Amino acid sequence: MAYAGVSSAADATEGDRSQTAHRLTYVLLGVLAVAMLASLAIGASGTSLWQALWDVARGAELSLRDRVVLFDIRLPRTLMAAAVGAALAVSGAMMQGLFRNPLADPGLIGVSAGAGFGAIVAIVLGGMLPLALSDALGYCLVPVAAFLGSWATTLILYRVSTRKGRTSVATMLLAGIGLGALTGAVSGILIYIADDAQLRTLTFWGMGSVAGATWSKFWTAVPLIAAAILTIPFIARGLNGLALGEAAASHMGIDVQRTKNVAILAVAAAVGAAVAVSGGIGFVGIVVPHLLRLAVGPDHTYLLRNSALLGAALLLVADIISRMIIAPAELPIGIIMAVIGGPFFLWILLRRRGIVDM
Amino acid sequence: MLKAENITVSFGRREVLHDVSFAAKPGALTAIVGPNGSGKTTLLKAMIGEVAHGGTVRLNDVDIARAKPWELAAMRGVLPQATPLAFPFTVAEVVRLGLMNGTSGGKTQLVPAALARVGLGGYAARYYQELSGGEQQRVQLARVLTQVWEPTQDGAPRWLFLDEPVSALDIGHQLLVMQIARDFADAGGGVVAVMHDLNLTAMYADEVALISDGRVLAQGASEAVFTDDLLSKAYHCRVQVNTTPRSGTFLLPHVAQAGAA
Ligand SMILES: Nc1ncnc2c1ncn2[C@@H]1O[C@H](COP(=O)(O)OP(=O)(O)O)[C@@H](O)[C@H]1O
Ligand SMILES: [Mg+2]
């Protein structure tokens with residue numbers, strides 16, 4: 001029996017896409033920068049980003065109108081679209097790693113609905129909180145409630161659909177439907193008892209859009225989203241190990257329970273924050289990680305951070321389209337994502353490479 | 001040294017391992033054999049901390065119930081009976097997962113070396129999920145080998161726990177994989193392997209534990225365990241142990257009287 005025991009450095013990387021995935025991060029950073037500039041430059045008003053930059057460069061004062069358009073309308077909207085896109089894509093990728101299934105999307109299996117439920121509860125019943133508590137939470141009340149809602153949903157779904165370290169997609173989807181029916185019913189009751197002011201907030205909030213972006217909304221969402229993104233280096237290896245099952249991951253030295261706990265909290269934080277400020281925007285969490293896996297492989301070390309970048313860029317582009325397509329009116333961004341994501345999802349189902357254990 | 005004492009495992013109300021004790025030495029290949037459903041996999045899983053059990057397991061004098069996953073991962077690799085994979089990793093990427101913890105560090109050159117070792121040179125860029133069962137099994141072995149590449153570390157033995165490592169393989173690759181296990185043991189590591197094929201076990205194992213109905217019928221050198229009586233009793237059929245100078249010990253079921261014992 002002859003083994004080639006020695007190997008040259010050249011073939012040490014054969015079949016290993018990590019270098020390509022690493023380089024893709026820089027490309028995506030560039031793409032995101034361009035998308036952000038475009039988002040700042042394009043808008044219904046006549047304000048020109050380039051003119052404004054030129055004025056600033058010359059040392060001239062910006063007009064009040066330009067300042068408001070750029071800094072109080074376009075900039076928060078751009079940053080919020082990017083943050084929400086990153087949150088949705090990262091939470092999709094994390095959830096898929098956790099459930100070991102490329103179809104596990106927070107929107108699809110009801111985690112976003114759970115977050116929405118939390119938000120509705122906060123909006124309608126928030127006034128019943130002790131004054132001290134609601135004062136302390138302030139603007140954060142809705143995001144925190146959404147976070148709690150998505151956290152509970154994720155936890156329940158994982159418990160129900162995972163047996164002996166294997167996740168059944170059928171159970172996961174059905175459990176999502178069951179939970180969705182329940183939260184939907186309770187939401188209905190809450191909407192029924194809501195007063196007029198609360199109803200207006202609910203309608204505005206539920207439209208699935210980043211159009212109403214303000215700095216205060218942005219700052220309530222960002223801490224949760226940032227926390228979720230900061231967990232990436234701590235759970236990427238663990239999610240890679242989990243791809244081989246919980247037992248194998250543990251034998252490779254992964255603290256499986258900790259990985260699962262952190263991933264569930266991170267998903268809940270990202271989804272909760274994204275839903276709280278933008279309503280439900282679907283498909284980002286499924287389209288982005290899937291494309292990246294096709295392009296550079298499923299290694300979570302790169303998949304998660306690349307998902308954040310591509311998700312941010314994708315949502316910015318969708319938002320730009322939503323502003324331009326029927327200008328000066330706007331189409332909600334959720335509709336744009338559904339038009340892109342729906343067919344894409346069907347396409348994934350048709351070519352199911354890499355999907356096991358349906 | 002691997003020492004498992006008074007291991008009891010129940011699934012629900014059913015006790016499938018009854019107060020089993022088992023030991024394995026470094027530098028040796030210890031096989032666990034027995035009929036289907038006798039508890040071989042369950043014993044192996046108890047010894048790697050994968051199922052809840054009564055009794056204690058000590059590996060290199062460490063109580064495995066108290067050790068952290070990464071401490072155990074540095075001491076031993078585990079090859080399960082079958083390993084499904086959730087995402088389209090390439091073969092090289094699967095094997096590289098074995099490197100992620102601790103002791104083998106980021107030595108990526110181990111990836112092609114391990115693949116060559118299991119006879120899968122040239123498979124690095126293939127998709128794992130598109131391979132045959134036997135090829136997947138060898139990819140997993142390569143992954144486990146990268147995790148515990150050196151059979152000893154700072155004088156302490158490392159361990160391979162293999163659950164039916166050759167059951168999906170053709171005879172050529174059966175010999176290749178058994179030789180890998182043999183070499184690992186000869187270099188000072190410990191190997192514990194659940195085996196299905198008694199002839200291969202006789203060829204390669206130093207020690208054999210014979211399990212039947214959740215109990216150890218016998219453990220010792222293979223010549224002492226592979227006797228007509230013990231095997232016939234364990235497998236509920238008549239088995240004849242033969243020895244020839246050319247091929248060593250080999251076993252034949254007694255076809256004419258199968259089931260008559
Ligand atoms: N997870 C489980 N739940 C219930 N029963 C189990 C489980 N795993 C194994 N068993 C039972 O325990 C017994 C021993 O199984 P196992 O150790 O896998 O046998 P084998 O010797 O073939 O490897 C069998 O009767 C099997 O049905
Ligand atoms: Mg077995």
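This section reports on the structure supplied with the text.

Calculation criteria
- Residues numbered from 1 in each chain as written.
- Chains lettered and ligands numbered in written order.
- Predicted model: local features only at pLDDT ≥ 70, side-chain atom pairs only at ≥ 80, totals over all residues.
- Heavy atoms only, no water.
- Helix = DSSP H or I, 4+ residues; strand = E, 2+ residues; numbered from the N terminus.
- Buried < 20%, exposed > 50% of the residue type's maximum accessible area, 1.4 Å probe, protein only.
- Contact = heavy atoms within 4.5 Å.
- Areas by Shrake-Rupley, 256 points an atom, 1.4 Å probe, with all protein chains shown as cover.
- Lys, Arg positive; Asp, Glu negative; His and termini not counted.
- Charge placed at Lys NZ, Arg CZ, Asp CG, Glu CD.
- Salt bridge = Lys/Arg side-chain N within 4 Å of Asp/Glu carboxyl O.
- Near = heavy atom within 4 Å.
- Polar contact = N/O pair within 3.5 Å; in protein donor to acceptor, adjacent residues only side chain to side chain.
- Nonpolar A, V, L, I, M, F, W, Y, C, P; charged D, E, K, R; others polar.
- Buried area = accessible area lost by both parts, 1.4 Å probe.
- Pairing = 2+ DSSP bridges.
- Axes fitted to C-alpha atoms, helices over the stretch in contact; angles between N-to-C directions.
- Left-handed = near helix turned anticlockwise from the far one by under 90°.
- Patch = residues over 30% accessible without salt bridge, like charges linked within 9 Å, V, L, I, M, F, W, Y side chains within 5 Å.
- Expected span 1.5 Å × (residues − 1).

This brings us to the overall build of chain B. Across its full length, chain B carries nine helices and 14 strands. Overall, chain B is about 55 × 40 × 35 Å in size when its C-alpha atoms are taken along their principal axes. Across the 261 residues in chain B, those meeting the buried criterion constitute 55%. Restricting the contact set of chain B to residue pairs at least 6 apart, pairs at least 24 apart contribute 64%. For chain B, the computed accessible surface area is about 10,700 Å², with 51% contributed by carbon and sulfur atoms. In chain B, 22 positive and 24 negative side-chain charges are present, and the distance between their average locations comes to 3 Å.

What follows concerns the pattern of salt bridges. When the charged atoms of two side chains with opposite charge come close together, those side chains can pair. All names here are of chain A. In the structure shown here, the tally under the stated rule is 15 salt bridges over all chains. Two residues, R100 and E246, come together in a salt bridge whose shortest N-O distance is 3.8 Å. In this pair, R100 is assigned in the loop between α3 (64-99) and α4 (111-125) and E246 in helix α11 (residues 246-251), connecting sequence segments 146 residues apart. Like R100, the residue E246 is buried in the burial classification. Several salt bridges converge on common partners, so that one network encompasses R77, D319, R323 and E330.

Moving on, we come to the site of ligand 1. Residues in close proximity to ligand 1 total twelve residues, the closest being R14(B), G37(B), K40(B), T41(B) and T42(B). Looking at what sits near ligand 1, you find residues from chains A and B. Residue S38(B) places a main-chain N or O atom 3.3 Å away from an oxygen atom belonging to ligand 1. One nitrogen or oxygen atom from the main chain of G39(B) is found 3.0 Å from an oxygen atom belonging to ligand 1. Considering only residue class, the shell around ligand 1 consists of three nonpolar, six polar and three charged.

Listed per partner, the contact involves 38 residues of chain A and 40 residues of chain B. For the pairing of chain A and chain B, the buried interface totals around 3,500 Å² over both sides, and the portion due to carbon and sulfur atoms is 60%. Here chain A is connected to chain B by three salt bridges. For the salt bridge of D299(A) with R96(B), the shortest nitrogen-to-oxygen distance reads 2.5 Å. Linking chain A with chain B are eleven residue pairs in polar contact (both at pLDDT 80 or more), by the criterion used here. Among the secondary structure elements, those contributing two or more residues to the side of chain A that touches chain B are α3, α10 (232-242) and α11 of chain A. When residues of the side of chain A that touches chain B are assigned to their parent elements, the largest contribution, four residues, is made by α11(A). In terms of residue class, the side of chain A that touches chain B is made up of 13 nonpolar, 14 polar and eleven charged.

Turning our attention to the sheet that holds strand β4 (residues 54-59) of chain B. Residues and elements named next belong to chain B. What the four strands build is an open sheet, ordered β2-β1-β4-β5; its pairing is antiparallel. Of all the strands in the sheet, just β2 (14-24) and β5 (62-63) have a single pairing partner and so form its edges. Pairing geometry for β4 and β5, over two bridges, is antiparallel. Among the inter-strand pairings, R58 is bridged to a residue of β5, identified as D63.

Looking now at the packing of α3(A) against helix α12 (residues 256-278) of chain A. Residues and elements named next belong to chain A. Closest axis-to-axis distance for the α3/α12 pair is 9 Å, and the angle between their directions is 145°. In the crossing of α3 with α12, the sense of the turn from one axis to the other is left-handed. Packed against α3, whose contacting residues are M80, V84, A87, L88, S91, M94, M95 and L98, the element α12 presents K260, A263, I264, A266, V267, A270, V271, A274, V277 and S278 at the interface. Of the residues belonging to the contact of α3 with α12, the class tally is 15 nonpolar, two polar and one charged.

Right, let's talk about unusual backbone geometry for a bit. All names here are of chain B. Positive phi is not limited to glycine here, since D19 has a value of about 50°. For D19, the position within the fold is in strand β2. The residue H236 is not glycine, and still its phi comes out positive at about 55°. As for its placement among the helices and strands, H236 is situated in the loop between α9 (228-235) and β13 (239-244). Residue H236 is classed as exposed on the basis of its relative accessible area of 51%.

Nonpolar side chains collect at one region of the surface, where V317(A), I321(A), I325(A) and I326(A) lie side by side and expose about 320 Å² of accessible area between them. By the secondary structure assignment, I326(A) is in the loop between α14 (300-324) and α15 (333-350).

All right, on to the side chain of K40(B) then. Residue and element names in this part refer to chain B. By the secondary structure assignment, K40 is in helix α1 (residues 40-47). No salt bridge is formed by the buried K40; its nearest oppositely charged neighbour, E164, is found at 4.8 Å. In terms of polar contacts, K40 uses its side chain to reach the backbone carbonyl oxygen of G34, at 3.0 Å. Non-local contacts of K40, meaning those with residues more than four positions away in its chain, are made with I32, V33, G34, P35, E164, V194 and M195.

Quick look at the sheet that holds strand β3 (residues 29-33) of chain B now. All names here are of chain B. Taken in spatial order, the six strands of this open sheet run β6-β9-β10-β3-β11-β12, and their pairing is mixed. The outermost strands of the open sheet, each flanked by one partner alone, are β6 (76-79) and β12 (215-221). Looking at each pair of strands side by side, their axes are set apart by 15° on average, direction ignored. The pairing of β3 with strand β10 (residues 190-194) spans four bridges and is classified as parallel. Paired with A31 across the bridge in β10 is A193.

On to helix α6 (residues 171-186) of chain B, then. Residue and element names in this part refer to chain B. Here α6 is 16 residues long and its end C-alpha atoms lie 22 Å apart, about the 22 Å a rise of 1.5 Å per residue gives. When we look at burial in α6, the residues that qualify are Q174, L176, V177, M178, I180, A181, R182, F184 and A185. Buried positions along α6 lie against β3, α4 (110-117), α5 (133-147), β9 (159-163), β10 and α7 (198-204). Structurally, the start of α6 carries an N-cap: the backbone nitrogen of G172 is 3.0 Å from a side-chain oxygen of D170. Looking one or two residues past α6, G188 carries a phi angle of roughly 110°, positive in sign.

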